[in-house]
Amino acid sequence: MILPVFTQSQKRSVGVLVAMGAIGSTIALLIGELNQRIFQVWGFVSEFASKISIPSFMLSFVSMVLQCSVLIGFISVSVMFMVWWERKISAHMQSRLGPMYTGGWHGWAQTIADAIKLLLKEDIIPAAANPWVHRLAPVLAFVPCFLCYAALPFGEGLISADLDIGILYIFALSGLSVLGIVMAGWGSGNKYSLLGGLRAAAQSVSYEIPRVLSVVPIIMFVGSLKLTQIAQAQTGFWHVGGIPVLPRWFIFYPVIGQLAFIIFLIASVAETNRTPFDIAEAESELVAGFHTEYSGMKFSFFFLAEYAYVFLSSGMTTTLFLGGGSGPLFPSWVWFLLKSFAVVFLFLWFRWTFPRLRVDRLMEFTWKFLIPWSFFNILAAGFMGLM
Amino acid sequence: MTTEIIRLPGQDLSSEEMILNLGPQHPSTHGVLRVVLRMDGEVITGSEPDIGYLHRGTEKLSENRTYPQMLVISDRWDYLSAMSNNLVWCLAVEKLMQLEVPQRGQTLRIIMVELNRIASHLVFFGTYGIDIGAYTPFLYAFREREKILDLFEEVSGARLTYNYIRIGGVMADLPQDWVGKCRSFLEWIKPRFVEYDILLTENPIFKDRTVGVGILTKEKALSYGVTGPNLRGSGVSFDMRKDEPYSGYDKFQFEVPVGKNGDCWDRYWVRIQEMKESVKIIEQALDHLPEGECNAKVPRLIRPPKGEAYAHLEAPRGMLGIYLISDGTEKPYRVHVRPPSFINLAILQEILVGMKVADVIAILGSIDIVLGEVDR
């Protein structure tokens, strides 16, 4: 066997990674289940509050604000990490190094620096644009995405709003984002933007359907729209002759599970407007598509929304198909994050490997391929239920 | 795959054609080209390429330059294959002066021109990937091209405008170890072609974007005077290296890849195959590199006799020709360049109609123009 030869710096990088992994897992094991810690802390707080007689509605208000800030913080930090990660991954796929200077170790602070740069940039509204539509569009693109995070279970009990219609809520809200993109396309007063916005509208409307339909078999099997319940249903193992073979994740459900997973993944990539479905911002055709005329903070909001959607889709994939937070040894939130970022990696991998589909072929693909197959999948799931 | 525009009764009243100026500032016009597109939604109903943004008047300039000085300007026509430009100028002048280049000089010229062909097609491969939306091939192609440029740098001192092929031969003989380095490069690039096929050529999305798109029929290609890989993609086996060998190309064994349908994929495929053929040619040339002088005896002041000459060769983009009139002084009386890109570009307005916006980029990329050569 030939062992790979590492250079000094590679050895150092591997060492740093291993050390980081060891420290991280120790911390994770020490913390344990995050919801228990939170309840402990919150118990102290509410006890203290009752002592100094703060009314309970104030307390619940504070709790809501805290939850929102935690979510926003999580979104921004994970987006920053994903941007840096994507740049590193794409660089290594393309035999480059990517950011190497900012912050010292492998350019870890690059996105932070970029974010500061975007914040300080001049805010330009083109003369041909409709100023209010132009201003409102980035907000409208980001807000629904943020709202979706409320119903995403980050592990056992780590969910701010455990809705009974969790899946429907997320699908419904994430469908709203396209409004922001269409507004950006129309309100910019630019022909490329207009084309990009129109494309995005057509694409989102078409891909929403197979995306929802692909999840229907899971809902049929679990019998609930609640995301926590779906995640819970996937704990344990699939048994063949009494021997546990595979985790009881839905992706390992024979045929139906895989088909649903593939359709959901493809539709998710299309929903997040990423290659091979990034026709709305196809650089070589439409310059930058719907965000051609955006700069500074407004541009960064579109950017934030795109990456937040990537993580949202990955989180949903994890919850629906990969057993949510179930896994041995580590607490559930660690497993959830690990699985989600593995799916994010898949998204990045697609982007740096595939060319872009053409807009009409894209439509054909969903209407003539994805939708019939997802109907077939529902039918098969129904037969399985009968048996 | 022409898309039919369905006109519903009464629809003409409300719909409006959109005019889109694709370029001159646009990420994928490969230079400064403006294409005025008339569009119905995403479907093109008319197109008009507008050129001239890079016009530097090199044909006129040449009337005030001596013959060796013109070599420097010839580098700037098709800057991705400057060796071919050098060579065609030298061929024209040598024809006038009736110079015979020694065997070693001729073989060196072929090596350089073929290496340059690989480099040029690599740029096509990479930028075409970007046009279609795949970014990674671009970096791969430029990684390989970098090695070729290193080889050129060693031989000529320059990386883009080589000015290496001179009237009567070449600038200088090969440096030490260059043959070995070239050989190791050839060995290195061969497995890369397999990589490209996996990454792009056989990729279903890539095929979906290119197969059947922008079909250029044999008849139309011939009537427009299209040459090079674009013509061969349409199924016409026409290659100056085979049909009218120059610089001793007749001594080499190589195939002329020919496409079938004349669509974007065929044009792309022809170029990928040509790179493989070029590797074969260079290998043969390195195996049988003759010893001896590489330069013919050239007078210090080049004054070709009065007369006219036309020289042409197979540049990476097609048939590159020079029509040269000499009045017996040290400066040419009139020079005309037949640039392949300029003539290939003319087919754009015909094959774009009925296509989608995304196809415009795919077709424009597959024709592989260099605007420096179109405008001169």
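The rules behind the values
- Residues numbered from 1 in each chain as written.
- Chains lettered and ligands numbered in written order.
- Predicted model: local features only at pLDDT ≥ 70, side-chain atom pairs only at ≥ 80, totals over all residues.
- Helix = DSSP H or I, 4+ residues; strand = E, 2+ residues; numbered from the N terminus.
- Buried ≥ 20, exposed ≤ 12 C-beta atoms within 10 Å, placed from the backbone.
- Rg over C-alpha atoms; globule rule 2.2 N^0.38 Å.
- Contact = placed C-beta atoms within 7 Å.
- Axes fitted to C-alpha atoms, helices over the stretch in contact; angles between N-to-C directions.
- Parallel < 35°, antiparallel > 145°, perpendicular 65-115°, else oblique.
- Nonpolar A, V, L, I, M, F, W, Y, C, P; charged D, E, K, R; others polar.
- Pairing = 2+ DSSP bridges.
- Domains from an automatic or database assignment.
- Left-handed = near helix turned anticlockwise from the far one by under 90°.
- Expected span 1.5 Å × (residues − 1).
- Bend = angle between axes of the 7 residues up to and from the residue.
- Core = buried A, V, L, I, M, F, W, Y, C linked by C-beta atoms within 7 Å.
- pLDDT = per-residue confidence, 0-100.

(A) Spatial organisation of the overall build of chain B. Scanning chain B from N- to C-terminus turns up 16 helices and eight strands. In terms of overall dimensions, chain B has C-alpha extents of about 75 × 50 × 35 Å along its principal axes. Per-residue burial for chain B yields a buried fraction of 49% across its 376 residues.

(B) The arrangement of the overall build of chain A in detail. Check the secondary structure of chain A and you find 14 helices and two strands. In summary, chain A has a C-alpha radius of gyration of 22 Å against a globular reference of 21 Å for 387 residues, a match within 12%. By its C-alpha atoms, chain A is 65 × 65 × 55 Å across when sized along the principal axes. Residues counted as buried form 41% of the 387 residues belonging to chain A. Of the contacts formed within chain A by residues at least 6 apart in sequence, a portion of 75% connects residues at least 24 apart.

(C) Up close: the packing of helix α4 (residues 82-97) of chain B against helix α5 (residues 103-132) of chain B. Residue and element names in this part refer to chain B. It is at 8 Å that the axes of α4 and α5 come closest, and there the two elements cross at 140°. Looking at the two axes, α4 sits oblique to α5. Within the contact between the two elements, α4 uses M83, S84 and L87 and α5 uses R109, M112, V113 and N116. In the contact of α4 with α5, the residues fall into four nonpolar, two polar and one charged.

(D) Looking closely at the sheet that holds strand β8 (residues 332-338) of chain B. Residue and element names in this part refer to chain B. Ordered in space as β6-β7-β8, the three strands form an open sheet in which the pairing is antiparallel. Each end of this open sheet is capped by a strand with a single partner; those strands are β6 (307-315) and β8. The sheet shows a mean angle of 15° between the axes of neighbouring strands, taken without regard to direction. Where strand β7 (residues 318-326) and β8 come together, six bridges link them in antiparallel fashion. Each bridged residue has a counterpart across the sheet, and for Y323 the counterpart in β8 is H336. In this fold α4 packs onto β6 and β7, with an angle of close to 150° to the strand it touches most, β6.

(E) Fine view of the domain arrangement of chain A. Residues and elements named next belong to chain A. The domain boundaries assigned to chain A delineate domain 1 (59-120) and domain 2 (129-386). The interface is formed by 15 residues belonging to domain 1 together with 16 residues belonging to domain 2. Secondary structure elements with two or more residues in the side of domain 1 that touches domain 2: α3 (56-93) and α4 (110-120). Considering each element in turn, the side of domain 1 that touches domain 2 owes the most residues, 12 residues, to α3. Class assignment of the residues belonging to the side of domain 1 that touches domain 2 gives a composition of 11 nonpolar, three polar and one charged.

(F) How the structure looks around the interface of chain B and chain A. Facing the 26 residues of chain B at the interface are 23 residues of chain A. Where the side of chain B that touches chain A is concerned, the elements lending two or more residues are β1 (18-22), α5, α6 (136-156), α8 (204-210) and α15 (357-367) of chain B. Grouping the constituent residues of the side of chain B that touches chain A by class yields 13 nonpolar, six polar and seven charged.

(G) Inspection of the pairing of strand β1 (residues 237-240) of chain A at higher detail. Residues and elements named next belong to chain A. Pairing between β1 and strand β2 (residues 243-247): four bridges, direction antiparallel. Residue W238 lies in a different strand from β2, and its bridge partner there is L246. The antiparallel pairing of β1 with β2 creates a hairpin that spans two residues between the two strands, and G241 there sits at a positive phi of about 60°.

(H) Unusual backbone geometry, seen in detail. Residue and element names in this part refer to chain B. For N163, which is not glycine, the phi dihedral falls at a positive 55°. Its place among the elements puts N163 in the loop between α6 and β4 (165-166). With 19 C-beta atoms packed within 10 Å, N163 lands in the partly exposed category. Positive phi is not limited to glycine here, since S247 has a value of about 50°.

(I) Structural context of the sheet that holds β1 of chain B. Residues and elements named next belong to chain B. Spatially, the three strands line up as an open sheet ordered β1-β2-β3, and their pairing is antiparallel. Unpaired on one side and paired on the other, β1 and β3 (43-50) mark the two borders of the sheet. Geometrically, the sheet is characterised by an average inter-axis angle of 20° between neighbouring strands, direction not taken into account.

(J) Summary view of α15 of chain B. Summarising burial for α15 of chain B: 11 of the 11 residues are buried, a large majority. Backbone geometry just downstream of α15 of chain B places D368 of chain B in the positive-phi region, at approximately 55°.

(K) Fine view of the packing of α5 of chain B against α6 of chain B. All names here are of chain B. At a minimum axis separation of 8 Å, α5 and α6 run at an interaxial angle of 160°. Taken together, the axis directions place α5 and α6 in an arrangement best described as roughly antiparallel. Like other packed secondary-structure pairs, α5 and α6 cross with a definite hand, here left-handed. For the pair formed by α5 and α6, the contact residues are L115, I118, A119, L122, V123, F125, G126, T127, G129 and I130 on the first element and P137, F138, A141, F142, E144, R145, I148, L149 and L151 on the second. Residues of the contact of α5 with α6, tallied by class, amount to 14 nonpolar, three polar and two charged.

(L) How the structure looks around helix α8 (residues 191-222) of chain A. All names here are of chain A. Look at α8: 47 Å from first C-alpha to last across 32 residues, which is about the 46 Å you get at 1.5 Å a residue. Approximately 30° is the largest bend angle found in α8, and it occurs at V216, with the proline P217 only one to four residues beyond. Looking one or two residues beyond α8, the residue adopting positive phi is G223, at roughly 80°.

(M) Highlighting the nonpolar core. Membership of the largest hydrophobic core comes to 180 residues, with the highest contact counts inside it found for A305, A308 and L312 of chain A together with V88, A92, V360 and I363 of chain B. Residue contributions to this core peak at 14 residues, all from α5 of chain B. The residue makeup of this core includes at least three contributed by each of domain 1 (59-120) and domain 2 (129-386) of chain A.

(N) The arrangement of the confidence of the model for chain B in detail. Residue and element names in this part refer to chain B. Mean pLDDT for chain B: 85, with 95% of residues reaching 70 or above. Of all helices and strands in chain B, the one with the weakest mean pLDDT is helix α1 (residues 11-14) (56), whereas helix α12 (residues 264-287) scores best (90). On the interface metric, ipTM, the complex scores 0.75, and its pTM is 0.82.

(O) Quick look at the environment of L99 of chain B. All names here are of chain B. Tracing the sequence through the fold places L99 in the loop between α4 and α5. Classification of L99 by C-beta neighbours within 10 Å gives partly exposed; the count is 19. Excluding its chain neighbours within four sequence positions, the residues that come into contact with L99 are E94, G168, A296 and V298.

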